[in-house]
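Report on the structure
Here's the letter readout for the chains.
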Amino acid sequence: MSFNLLSSENSIPWIRIVLGLILACILPFFISNYSVFQASMVLSYAIALVGMNILIGYSGQISLGHGAFMAIGAYTSAILMDKMNIPYWMTIPVAAFICFVVGFLFGLPALRLEGHYLALATFALAVALPQLLKFKHLEFLTGGVQGIVIMKPDPPWETLFGLRLNSDRWLYFFTLAITLVMFIVGWNLMRGRVGRALIAIRDQPIAAASMGINTPMYKSLAFGVSAMFTGVAGALSAILVAFVAPDSFTVFLSITLLVGMVIGGVTSLPGALYGALFIQFIPNIADQISKAAPWAIYGSMLILFMYTMPTGIAGALRLLGEKFRPTRS
Amino acid sequence: MSRMLLEVKDLFAGYGATEVLHGLSMQIEEGSITTLLGANGAGKTTTLRALCKMIKVRGRIMFDGQAIEGKATEDIVRLGVAHVPDGRGTFGSLSAEENLKLGSYTRKDKHEVALDQEKMYSYFPRLKDRRNQQAGTLSGGEQQMLAIARALMLRPRLLLLDEPSFGLAPLIVREIFDIMQTINRTDKVTILLVEQNAAMALDLANYAYLLETGKLVLSGLSKDLKQDEAVRRSYLGH
Amino acid sequence: METFIHQIVAGIATGGVYASLALALVMIYQSTHHINFAQGEIAMFATYMAWTLINAGVSYWLAFVCTILLSFSLGVLIQRIIIRPVENAPVLNIVVVFIGLLVILNSIAGWIFTYTIKAFPSPFPKEPPFGLYFISSHELGSIGVTMVLLLLLYSFFKFTPLGLAMRAAAQNPDSSRLVGIRVGWMLALGWGLAAAIGSVAGMMIAPVVFLEPNMMSGILLYAFAAALVGGIDSPGGAVLGGFIVGILENILGAYVIGTELKLSVALVLIIVVLTIKPAGLFGKVIVSRV
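This structure is a prediction, so every number in the text was calculated from the model and none was measured.

In this section: the overall build of chain A. A count of helical and extended segments in chain A gives 14 helices and 4 strands. Taken over C-alpha atoms, the radius of gyration comes to 20 Å for chain A, in line with the 20 Å a tight globule of 329 residues would show. Referenced to the eigenvectors of the C-alpha coordinate spread, the extents of chain A come out at roughly 55 × 50 × 40 Å. Counting all 329 residues of chain A, 53% fall into the buried class. Pairs at least 24 apart in sequence give 79% of the contacts found in chain A among residues at least 6 apart.

The helix and strand inventory of chain C stands at 11 helices and 0 strands. Listing the helices and strands of chain C from first to last along the sequence gives α-α-α-α-α-α-α-α-α-α-α. Across its three principal axes, chain C shows a C-alpha extent of roughly 55 × 45 × 35 Å. Counted over contacts in chain C with a minimum sequence separation of 6, partners at least 24 positions apart contribute 75%.

The next point concerns the interface of chain C and chain A. Listed as interface residues are 40 residues of chain C and, on the opposing side, 40 residues of chain A. Of all the secondary structure elements, the ones that give two or more residues to the side of chain C that touches chain A are α4 (91–113), α9 (216–230) and α11 (262–276) of chain C. Tallying contributions element by element places α4(C) first for the side of chain C that touches chain A, with 16 residues.

Moving on, we come to the sheet that holds strand β6 (residues 81–84) of chain B. All names here are of chain B. Reading across the sheet, the 6 strands line up as β6-β7-β8-β3-β9-β10 and stay open at both edges, with mixed pairing between neighbours. Looking at which strands have only one partner, the edges of the open sheet turn out to be β6 and β10 (215–221). Taking each pair of neighbouring strands and ignoring which way they run, the sheet shows an average axis angle of 15 degrees. Contacting β6 and β7 (158–162), helix α6 (residues 140–152) crosses the sheet at an angle of about 170 degrees to β6.

A:A124, A:V232, C:L25 and C:I270 are the most contacted members of the largest nonpolar core, which totals 292 residues. The element that contributes the greatest number of residues to this core is helix α8 (residues 183–209) of chain C, accounting for 17 residues. Once residues lying within four places of it in the same chain are set aside, the contact partners of A:A124 are C:L221, C:F224, C:A266, C:L267 and C:I270.

What follows is about the sheet that holds strand β1 (residues 4–15) of chain B. Residues and elements named next belong to chain B. Here 4 strands make up an open sheet; going across it, the order is β2-β1-β4-β5 and the pairing antiparallel. Lying at the two open borders of the sheet, with one neighbouring strand each, are β2 (18–29) and β5 (66–67). Running at roughly 70 degrees to β2, helix α1 (residues 44–51) makes contact with β1, β2 and β4 (57–63) of the sheet.

Every contact between the two is made by 18 residues of chain B and, on the other side, 15 residues of chain C. Listed by contribution, the elements that provide at least two residues to the side of chain B that touches chain C are α2 (73–78) and α3 (96–103) of chain B.

Here we take up α9(C). With 15 residues, α9(C) ought to run about 21 Å at 1.5 Å a step, and its terminal C-alpha atoms sit 20 Å apart, in line with that. Of all 15 residues making up α9(C), 14 are buried, and the element is well covered by its neighbours.

The side chains of a regular strand alternate between the sheet's two faces. Residue and element names in this part refer to chain B. Where β1 lies against β4, 6 bridges are found, and the strand directions are antiparallel. Bridge pairing links E7 to M62 in β4. Two elements, β4 and β5, share 2 bridges in a ladder whose sense is antiparallel. Looking across to β5, one finds that F63 is bridged to Q66.

This paragraph deals with the packing of helix α2 (residues 33–58) of chain A against helix α12 (residues 269–286) of chain A. Residue and element names in this part refer to chain A. The geometry of α2 relative to α12 is characterised by a closest axis approach of 8 Å and an angle of 130 degrees between their N-to-C directions. Taken together, the axes of α2 and α12 are oblique relative to one another. The two elements α2 and α12 meet at a crossing, and its hand is right-handed. Counted together, Q38, M41, V42, Y45, A46, L49, V50 and N53 of α2 and L269, A272, L273, G275, A276, L277, I279 and Q280 of α12 form the full contact between these two elements.

With that settled, the discussion passes to α2(A). Residues and elements named next belong to chain A. For α2, with 26 residues, the first-to-last C-alpha span of 36 Å sits near the 38 Å given by 1.5 Å per residue. Roughly 25 degrees is the biggest bend found in α2, and it falls at M52. Burial runs high along α2: 20 of the 26 residues are buried. Positive phi appears at G60, one or two residues downstream of α2, with a value of about 70 degrees.

All names here are of chain B. With respect to the helices and strands, M120 occurs in helix α4 (residues 110–123). For M120, a count of 22 C-beta atoms within 10 Å puts it in the buried group. Residues M120 and A169, 49 residues apart in the sequence, show an inter-C-alpha distance of 21 Å. For M120, the residues in contact, after removing those within four places along its chain, are L100, L127, A149, L152 and M153.

This paragraph deals with unusual backbone geometry. Its identity is not glycine, yet B:R88 carries a phi of approximately 75 degrees, on the positive side. Relative to the helices and strands, B:R88 is located in the loop between β6 and α3.

Further remarks concern the pairing of β1(B). Residue and element names in this part refer to chain B. Bridge analysis of β1 against β2 gives 9 bridges, and the strand direction is antiparallel. Note that in β2 the partner of M4 across the bridge is E29. The loop that links β1 with its antiparallel partner β2 comprises 2 residues; one of these, G16, has a positive phi angle of about 60 degrees.

All right, on to the environment of C:M186 then. Residues and elements named next belong to chain C. Of note, M186 is situated in helix α8. For M186, a count of 20 C-beta atoms within 10 Å translates into the label buried. Distance in space between the C-alpha atoms of M186 and A196 is 15 Å, their sequence separation being 10 residues. Here M186 is in contact with A165, M166, A169 and I181, once residues within four sequence places are set aside.

Before going further, it helps to examine the packing of helix α2 (residues 39–55) of chain C against helix α3 (residues 60–83) of chain C. All names here are of chain C. Where α2 contacts α3, the axes come no closer than 9 Å and their chain directions differ by 140 degrees. For the element pair α2 / α3, the angle class is oblique. Handedness of the crossing formed by α2 with α3: right-handed. Across from I42, A46, M49, A50, L53 and I54 in α2, the residues of α3 making contact are Y60, A63, F64, C66, T67, L70, S71, L74 and G75. Taken together, the residues of the contact of α2 with α3 sort by class into 12 nonpolar, 3 polar and no charged.

Rules used throughout
- Residues numbered from 1 in each chain as written.
- Chains lettered and ligands numbered in written order.
- Predicted model: local features only at pLDDT ≥ 70, side-chain atom pairs only at ≥ 80, totals over all residues.
- Helix = DSSP H or I, 4+ residues; strand = E, 2+ residues; numbered from the N terminus.
- Rg over C-alpha atoms; globule rule 2.2 N^0.38 Å.
- Buried ≥ 20, exposed ≤ 12 C-beta atoms within 10 Å, placed from the backbone.
- Contact = placed C-beta atoms within 7 Å.
- Pairing = 2+ DSSP bridges.
- Axes fitted to C-alpha atoms, helices over the stretch in contact; angles between N-to-C directions.
- Core = buried A, V, L, I, M, F, W, Y, C linked by C-beta atoms within 7 Å.
- Expected span 1.5 Å × (residues − 1).
- Parallel < 35°, antiparallel > 145°, perpendicular 65-115°, else oblique.
- Left-handed = near helix turned anticlockwise from the far one by under 90°.
- Bend = angle between axes of the 7 residues up to and from the residue.
- Nonpolar A, V, L, I, M, F, W, Y, C, P; charged D, E, K, R; others polar.

Right, dumping it as C-alpha cells:
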C-alpha cells in the first residue's frame, strides 16, 4: 500500500488518494484560519521531508544541514518579493532552481565523503548559516538580524463555489497544489531510472559504478534534487509565515527535519506526511509544559525510534499491514 | 591416567547462516601436544575460534571441568586459554614490548610477570633487540614469535595456535616448533596446534585429529596417523 | 604589535580548549569510529553541574574536581545505556542517536537552568599576571590547566596498564579480547574520559563566552575543524590542530574577516580539509572498504 519503491506491489491506492484529496479540499472551510495556516505548514514540511527522503532514504547520504536549504529557499522568496516585487507564485520555481544548483554544487565535494564525514560537513553548514545571514555586509539583502517582513498575498478570487476564500485558505490551496506536484515529481523520480540508480549506489556502490552508473553525478544530482524540494518548502514557509529571520534557521531546524524523517519513515511518501504532522503539532502541545519540552521529546523520540522503529511509523505500519494481510502469491 | 584439560562434545559453529562445524567432539589431554589437521576450508580455524567463543556456538565445551560454551572470550582467556590467531593478531602500532605487556594484562603477580618477560626474551632473542620497535614493522617470523610470546605471557594452561608456520621460512618454522616443544616440556603448557604443514605437526604432536568439511574423520596417536594410508597420500605426499 | 601578540596568546588559550575537545572527539572516534556530535552538549551540561555546585557554596577547585568525576560517570553511563544498543547499527541510525543525545542534553539544561545567560566564575585573578600586557590571568591559567590535563592524559595512556589496554582495545578489539581485556568496558571508560575532558574545556571557556545552553555549538564546530586538521584518528594531531585553529581564528578574526563570520571560517576549514586532505596532517589515509 505504500509508495515505497522497496515494496513488491507498486500499486497506487487510488481510492485512498482521492478520498484524501476530497477531505483536504473541504478541510479549510471547517476550521479556524490559524488551523488552516497550520495545515499549510504541515504540507510544506512534508515537501521538505520528501527532499530528505530522496537524499537519505534513497541515496543513502546523510544530511544534518537541510535547514540551510530551507533558509536559502525562504530568503530567495522573501528577497524577490520584498526587494524586486516579484509575485509570490513566481518565487517558487526560482527558489527551486537556485536550491537545486546550490545543492548540486555542495554535493560535488560532499560526494567524496561518506557517512560520518558528510554528517559533519552538513552539521557545520547548519551551525554556520545563521551567523552568515546576520552578517552586516549582507544586510542590504538579508535584512540582517531583523530579517525581512513580507506582505501576505491576497486571494485572486473572493469566493470559490460560493465559499469564502480568504488569504489563509487561498494559500492553503496554493500549497496543496504545489505539494501534489512535488509528490508526483518525487514519486516518478524514485520509481524510474534515477531512483533505481540511487538505490544501487546506496546499497552496492562499487557494483553500481562498475555497472556504468556515473556515481558522482547521481549522488550530486540527488543532493541537488533533495535541496530543491527543501528549498520549495522553505519558499512556501516564507510566504505562509510572511517573515524570514536568521534565528528561524538554526541547526535545530535541520534537526527538526531529521526528526520528521525518522518518525515518518525514511523511504516513503506517506511517511513524509506523518513526520510533518509530528513536527508541526508536537511543539504546540509540548510548549505548554515548558519551552524546552518539545526538544526533550524530539531527542527521546529520535533515540527510541532508532531502538524500536528504525523504519519510522510508515515502516511500522507497513510491517503491521503485511502481518495481517493474507500473503499473495 | 591423564586428565582431559579440554573436552568438546557435539560442537556446531559457523558464520551467520553458514554452518562450518557439524558436531565436533574431541578431548585434549593435559600436558599433551595435539594437532588438528585438514585441508583449506575444513574448519580448523573455525574450531579454534569456537573454542574461544569468538563466534556463536552450539554444543558443550569443558575446560578444566568447567563449561565455557556460555562464556565470553575475555573470560575464557582469564581461565588460562591463550589463542594465537591466524594472521597473528599483533597490535601493529604498539611496540613489541607493549604487545608483551598486554599478554600479561590480566595477571596480578608483577614479579612473576617481569620474570616471564625475561624468559620470553630468552626464548626469542630477536624480540629483545626490537623491544621498542613498532610491532607492525617486524618481519613475518618476528611477528609470529611476538604473537606466541604474548600468548605465553598469560602463563596459559592451554595454548591454541593457528597455523604458526604460515608464510615463514623453514628455518624460522623449525625455531618456532622447537620452542613449542620446550614450553610443552618445561612449562607444562598443553598445546592444540592447527597446522597445514602436516609432516612437522605430526612429528611434534602426541595426538592428532583430522578434520574434513567440518567433521572429524580420524583421530589417534600422531605416530599412528603418520602411518595411515589416506593421511600419507593426502597430507604427507607419499 | 601588542595586539598581535595578544591575539596569538588568546589564540593559544582558546586553542587549548579546542585541543581538549578535539582530543575527546578523537578518543571516541579511534575506539568506535563514531563522531560524537553530542560532545559539546556533554561539556555544556557538565559546566552547568559545576555552576550548580559553586552556587551551592562549594569552593571552586572542589567543584572543579567533583564536576570532572561526575562528568566521567555521566560519560560511562551514556555509553553503557544509550550508545551500546546501537553500536553495530547502520551509520545513519548511530548519527541519529547522537543527535538525539545532543538535543536531550540541550533541552534538559534549558529546562532546569532556563535559557538566560549566566556568568561563570574564573578561578584566576582579574589582574593580569606579573603585570604583563598581552595576556590575562584567565588566559594564562586556562593554558596551564589545559597543559596539565594533556600531560596527565599522555602519561595515562603511555605509562599505565589501563591506558595501554584502552589503546589496544581501540586499535584491535578482537586481539584485545584474546588477552582478556573487557573491550566493552574500555569503550565506556573512553567515553567517561572524553566527558571528563569536555567538562574541563567547558569550565575554562565558560567565563569567556558565558553560560547558556547553546554556548558550545560554535566551539564544537571549531573542535571538529581542529580534529580534522590534525587527523581524526591522531590524538597528537588533534591537540596540534586545536592550537592551530585557535590561533588562526583569532588572527583571521582580528585582521582579515572580523569577528562576525567566525563560524563560517570553521565551516570552510572543515570542507576544505575534507575535500583536499581528509586524513588531516597526521591521520592515516581513509580507505573505503570494498
